[in-house]
Every structure is written in C-alpha cells, then in structure tokens.
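# Descriptive structure summary
Each chain is listed here by its residues.
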Amino acid sequence: MADEIILLDFLPSIFGMRVRVALAEKGLMYEYREQDLWNKSPLLLEMNPVHKKIPVLIHNGKPICESTIIVQYIDEVWKDKSPLLPADPYERAQARFWADYIDKKLYDLGKKITLTKGEEQDTRKREFLDFLKLLEGELGDKPFFGGENFGFVDVSLVAFSSRFYAYESFGNFSIEAECPKLIAWTKRCMERESVSSSLLDPQKVHDFVAGMRRRYGVE
Amino acid sequence: MGEEVKLFRTWSSPFALRIVWALRIKAIEYETVFEDISNKSPSLLQCNPVHGKVPVLLHNGRPIAESLVILEYIDEAWKQAPLLPVDPHERAMARFWAKFGDDKVLGSIWSVFIKQGKEQEEAMVPAMENLKFLEEELKGKKFFGGDTIGFVDLALGWLANLIGLLEEIVGLKVVDGEKLPLLSAWMQEFGDAPIIKDNWPARDRMILKFQALRDATIAAASK
C-alpha cells in the first residue's frame with residue numbers, strides 16, 4: 001500500500017524547508033504543492049483551518065500542521081530510517097528544548113534585522129548574533145547538534161542558513177566573523193543532499209526578502 | 001533503584017502545575033522546591049541557565065526545562081498512565097492543540113484581561129475565535145484526551161482555573177455556558193477531577209495577584 005504524501009509549502013519558507021529536509025532524510029517521495037500565501041487555496045484553508053499557514057503535510061488524506069510537529073510526525077512514522085530524535089528520553093528532551101527555543105526566537109530576530117534601519121537595526125543585529133553565539137556554545141565541538149549524526153535540532157536550525165545572506169546584506173554585517181563555528185556547521189549540513197536539495201538558493205531568498213521589505217515600506 | 005525527582009516551581013505558575021498533575025497521574029514521588037521569582041535560587045539558575053524560569057524538573061540530577069518538553073519527557077521516562085496517544089497522527093494533533101493553547105489561546109485571553117472598554121471588546125474577538133476551536137475539538141469527547149485526562153488536558157488545564165478568576169476580576173463572562181457548552185463542561189469536569197482539584201493554588205491569593213497585575217498593566221499602558 002503506497003503512502004500518499006502531499007506537502008503544501010512556499011519555497012522561501014524556513015518552516016517549509018524543515019519539512020523538506022526531514023522528508024529527504026527519510027528518502028520519501030511526495031508531491032510538492034507551492035502555495036500562494038496572498039491568495040490561499042481552498043485546500044490549505046481546509047487542511048489548516050486554525051492557522052491557515054504552511055507548511056501542511058497531508059499523509060493519506062490526514063493533515064499535520066506546524067513544522068516542528070510535522071518533523072516529529074515524520075520521525076515517528078518512518079522510524080526505521082535516519083532517526084532524527086535520539087533514543088534516550090533525556091537527550092530527546094534536550095533536543096526538543098533547543099528546537100523550541102530556536103522556534104520562539106530566531107525567526108523574529110532575523111526578520112527584525114531585515115525590517116529595521118539605523119540604531120534599531122544595530123540592536124537587532126546584536127540580539128541575533130548573541131543568540132547564534134548561544135547556539136554555537138550548545139554545538140560545541142560536535143559535528144552536528146545531534147552529535148555524530150544530523151538530527152532534530154540540526155533540521156530545526158539549518159533552514160535559517162538560507163536567509164543568512166539576506167540578513168547580512170540588508171544588515172550590512174558578517175555572521176561568519178562572529179560565529180565561524182556555526183557557519184562551518186551550515187557548510188557541513190549543506191554537504192548532505194537532503195539539505196542542499198531542500199533549501200532555497202540564498203540569492204532567491206534575498207530577492208524574496210527584498211520584495212517583503214518593499215511591501216512593508218522599509219526600502 | 002533510587003529515583004530522585006525534584007520539581008522547581010512557584011506557588012502560582014500554571015506551567016508548573018502541568019508537571020504536578022503529570023507526576024501525580026503517574027504516581028511518581030517527587031520533592032518540590034518553591035522558588036521566589038524575584039529572588040531566584042542559585043540551584044534554579046544552574047539548572048535552567050538559558051531561561052532561568054520555572055518549572056524545571058530534575059531527574060537523577062539532570063535538568064529538563066520548558067513545561068511541554070518536561071511533559072513529553074515524563075511520558076517517555078515513566079510508561080505507566082500514558083499522557084500522549086500511541087497513534088502518530090493523534091500524537092501530532094495532541095502536540096498541535098497544546099501548542100495552540102500556549103501560542104494563541106493564552107495570549108488572547110490575557111489581552112482581554114489586561115484591557116478595558118473598547119479595547120477589551122476588540123480583544124474578545126480573537127479570544128472567542130480561539131475558544132471556539134477548542135469547543136469544536138471537544139465534540140464527542142469528555143476530555144481532550146478522550147475518556148481520560150491526557151496531554152492536551154494538562155496543557156490547557158490552566159483554563160479551568162484561571163478563566164473563572166479572571167472573569168471575576170474583570171466582571172466579564174468569557175466562557176459562556178450557552179455559547180461554549182462543551183468547553184464549559186470540560187472546565188468543570190477537569191477542574192473537579194481529584195488529582196487536579198487538590199492542587200489549585202489558593203484562590204484568594206490568586207485574585208490578589210492577578211488584580212494587582214491587571215492594575216499595574218493598565219497603569220503602565222496609560223502613561
């Protein structure tokens with residue numbers, strides 16, 4: 001019995017990328033459906049009536065929403081290949097803790113850099129870099145946040161790297177200068193096909209962010 | 001086999017209560033460390049260096065922070081009386097509703113509570129929309145977890161106590177038994193369940209605390 005997997009997504013979305021990476025890690029075939037977020041499809045509204053957001057994974061007709069929840073779902077259903085969460089409950093709790101913290105902070109920190117100017121932007125850049133430094137501390141000398149293996153926290157974080165060029169460009173700063181270990185980690189992740197095939201090209205992300213800045217009247 | 005379980009909490013934190021309930025449901029013995037948020041202990045700061053918040057669970061010396069993360073940990077470390085369902089899709093839905101509670105419901109209820117007049121009326125709109133989703137989710141069920149209390153009930157459990165308190169303080173009905181009959185019934189059922197009922201924080205203390213919070217927030221907003 002073949003699984004039917006549909007992903008409602010939006011190419012520049014960091015949250016969508018997480019799901020693409022997870023699906024690729026598990027070697028799963030699925031149908032990708034690009035959504036128009038300014039003219040939402042009846043299917044999207046039906047599958048995610050509460051938030052009306054992407055990504056939505058539809059597995060054999062049943063929807064799963066919220067990227068971190070979708071990634072855990074994928075990990076639980078297809079548990080025999082490339083496990084993303086570790087086996088030990090304490091390690092799992094640590095992974096969930098960091099994924100939760102990244103979820104709560106990083107998107108807004110990055111977005112604020114691209115939507116502000118001058119002194120306010122300087123403050124945002126500082127907050128952003130401090131957060132990345134905290135993550136660098138958590139990474140330590142491990143190749144991945146998951147240890148020897150690419151795991152749940154890596155999946156949660158890596159998609160943000162597709163936006164780094166945009167943040168650096170609109171913020172006029174270098175992330176690598178302050179967080180070299182983290183940039184080394186992003187390069188290591190990009191060596192994985194699941195990651196390189198799932199993340200949108202940084203130039204395209206940059207152009208998307210430029211469009212959003214015009215839309216919000218920042219330019 | 002000595003299991004050492006310690007819970008860092010405050011007397012009023014609704015997030016910490018989730019953990020108290022989970023530990024009681026699983027009949028896990030534990031020690032409580034009450035924290036004063038204005039004067040956090042070195043132990044707490046050592047156990048939760050990232051956020052410095054409660055609740056923190058210490059299991060055999062190892063700390064776990066963030067209440068929903070702690071709930072999942074408890075469910076995995078102690079298999080009796082499972083909180084999350086077995087089926088992956090149902091688990092995903094449980095996580096979804098718990099997250100919805102924290103990300104949307106809490107904030108929208110709080111907005112109603114800390115505002116007044118026209119602003120409060122406007123804040124009621126998203127709050128009611130959110131509560132209606134919960135009402136829908138309860139169709140055909142006694143608890144969010146089905147026949148028994150589960151993960152989502154613990155995550156949303158704060159509603160069963162706090163709504164009544166906030167309604168009394170602002171003099172506004174938020175969960176109307178006619179408009180939200182299932183949610184109303186759930187608040188009663190959950191709130192009166194033996195393990196839950198015994199652990200609500202002192203009502204008069206809560207009224208004082210939240211009245212003061214509302215007054216302070218309104219005063220700050222009008223400056």
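Residues numbered from 1 in each chain as written. Chains lettered and ligands numbered in written order. Predicted model: local features only at pLDDT ≥ 70, side-chain atom pairs only at ≥ 80, totals over all residues. Heavy atoms only, no water.

### Regarding the pairing of strand 2 (residues 31-34) of chain B
All names here are of chain B. Relative to strand 2, strand 1 (residues 5-9) is paired through four bridges, and the arrangement is parallel. Looking across to strand 2, one finds that phenylalanine 8 is bridged to valine 33. Running through helix 1 (residues 14-25), the crossover from strand 1 to the neighbouring parallel element strand 2 is right-handed. (Pairing = 2+ DSSP bridges. Helix = DSSP H or I, 4+ residues; strand = E, 2+ residues; numbered from the N terminus. Right-handed = clockwise from strand over helix to strand, strands pointing away.)

### Let's talk about the confidence of the model for chain B
Residues with a pLDDT of 70 or more make up 99% of chain B, whose mean pLDDT is 95. Taken over the whole predicted complex, pTM reads 0.96, whereas the ipTM for its chain interfaces reads 0.96. (pLDDT = per-residue confidence, 0-100.)

### What to know about the environment of Pro181(B)
All names here are of chain B. Mapped onto the elements of the fold, proline 181 is located in helix 8 (residues 181-192). Given the relative accessible area of 41%, proline 181 is considered partly exposed. Sequence-wise, proline 181 and valine 152 are 29 residues apart; in three dimensions their C-alpha atoms are separated by 18 Å. Here proline 181 is in contact with Glu135 and Asp176, once residues within four sequence places are set aside. (Buried < 20%, exposed > 50% of the residue type's maximum accessible area, 1.4 Å probe, protein only. Contact = heavy atoms within 4.5 Å.)

### Structural notes on the state of the cysteines
Following the criterion strictly, the structure yields zero disulfides over all chains and no others. Between Cys189(A), a free cysteine, and Cys179(A), which holds the nearest cysteine sulfur, the sulfur-to-sulfur gap is 15 Å. (Disulfide = S-S within 2.5 Å.)

### Details of helix 7 (residues 158-170) of chain B
Residues and elements named next belong to chain B. Taking 1.5 Å per residue as the helical rise, helix 7 with its 13 residues ought to reach 18 Å, and the 18 Å between its terminal C-alpha atoms agrees with that figure. The buried count for helix 7 comes to 11 of 13 residues, which makes it a mostly enclosed element. Every buried residue of helix 7 is accounted for by Trp158, Leu159, Ala160, Asn161, Leu162, Ile163, Leu165, Leu166, Glu167, Ile169 and Val170. Looking at the packing, one finds that the buried side of helix 7 touches helix 1, helix 4 (88-114), helix 5 (117-137), helix 6 (151-156), helix 8 and helix 10 (203-221). Taken from the residues just after helix 7, glycine 171 is the one with a positive phi, measuring 65°. (Expected span 1.5 Å × (residues − 1).)

### Here's the deal with the sheet that holds strand 2 of chain B
Residue and element names in this part refer to chain B. The four strands are arranged 2-1-3-4 in an open sheet whose pairing can be described as mixed. Across the chains shown, the open sheet's two edge strands, defined by having one partner strand only, are strand 2 and strand 4 (62-65). Ignoring which end each strand starts from, the neighbouring axes of this sheet average 20° apart. Two elements, strand 1 and strand 3 (residues 56-59), share four bridges in a ladder whose sense is antiparallel. Residue pairing for strand 3: valine 5 is matched across the bridge by histidine 59. In the packing of helix 3 (residues 67-77) onto the sheet, contacts are made with strand 3 and strand 4, and the angle to strand 4 comes to roughly 125°. (Axes fitted to C-alpha atoms, helices over the stretch in contact; angles between N-to-C directions.)

### Some details on the sheet that holds strand 2 (residues 31-34) of chain A
Residue and element names in this part refer to chain A. The four strands are arranged 2-1-3-4 in an open sheet whose pairing can be described as mixed. If you trace the sheet from one side to the other, it starts and ends with strand 2 and strand 4 (62-65), each paired once. Going across the sheet, the axis of each strand differs from the next one's by a mean of 20°, ignoring polarity. Taken together, the four bridges between strand 1 (residues 5-9) and strand 3 (residues 56-59) define a ladder with antiparallel strand orientation. What sits directly across from leucine 7, in strand 3, is leucine 57. Contacting strand 1, strand 2 and strand 3, helix 1 (residues 14-25) runs over the sheet at an angle of about 155° to strand 1.

### Details of the pattern of salt bridges
Under the counting rule described, the total for this entry stands at 30 salt bridges over all chains. Residue Asp75(A) pairs with Lys26(A) through a salt bridge whose shortest N-O separation is 2.8 Å. In this pair, Asp75(A) is assigned in helix 3 (residues 67-77) and Lys26(A) in the loop between helix 1 and strand 2, connecting sequence segments 49 residues apart. For the pair shown, Asp75(A) and Lys26(A) are each scored as buried. Note that Asp102(B) and Arg18(B) form a salt bridge whose closest N and O atoms lie 2.6 Å from each other. Of the two residues, Asp102(B) sits in helix 4 while Arg18(B) sits in helix 1, which places them 84 residues apart along the sequence. Via salt bridges that share partners, Glu76(A), Arg92(A), Arg96(A), Glu72(B), Glu76(B), Arg91(B) and Arg95(B) belong to a single interconnected network. (Salt bridge = Lys/Arg side-chain N within 4 Å of Asp/Glu carboxyl O.)

### A short note on the interface of chain A and chain B
Counting residues at the interface gives 28 residues for chain A, matched by 24 residues for chain B. Around 2,300 Å² of area is buried between chain A and chain B when both sides are counted, 66% of it from carbon and sulfur atoms. Per-residue buried area on chain A facing chain B is highest for Val50(A), Tyr90(A) and Phe97(A); these three make up 26% of the total on that side. The tally of links between chain A and chain B comes to seven salt bridges. A salt bridge links Glu76(B) to Arg96(A); its shortest N-O distance comes to 3.2 Å. (Buried area = accessible area lost by both parts, 1.4 Å probe.)

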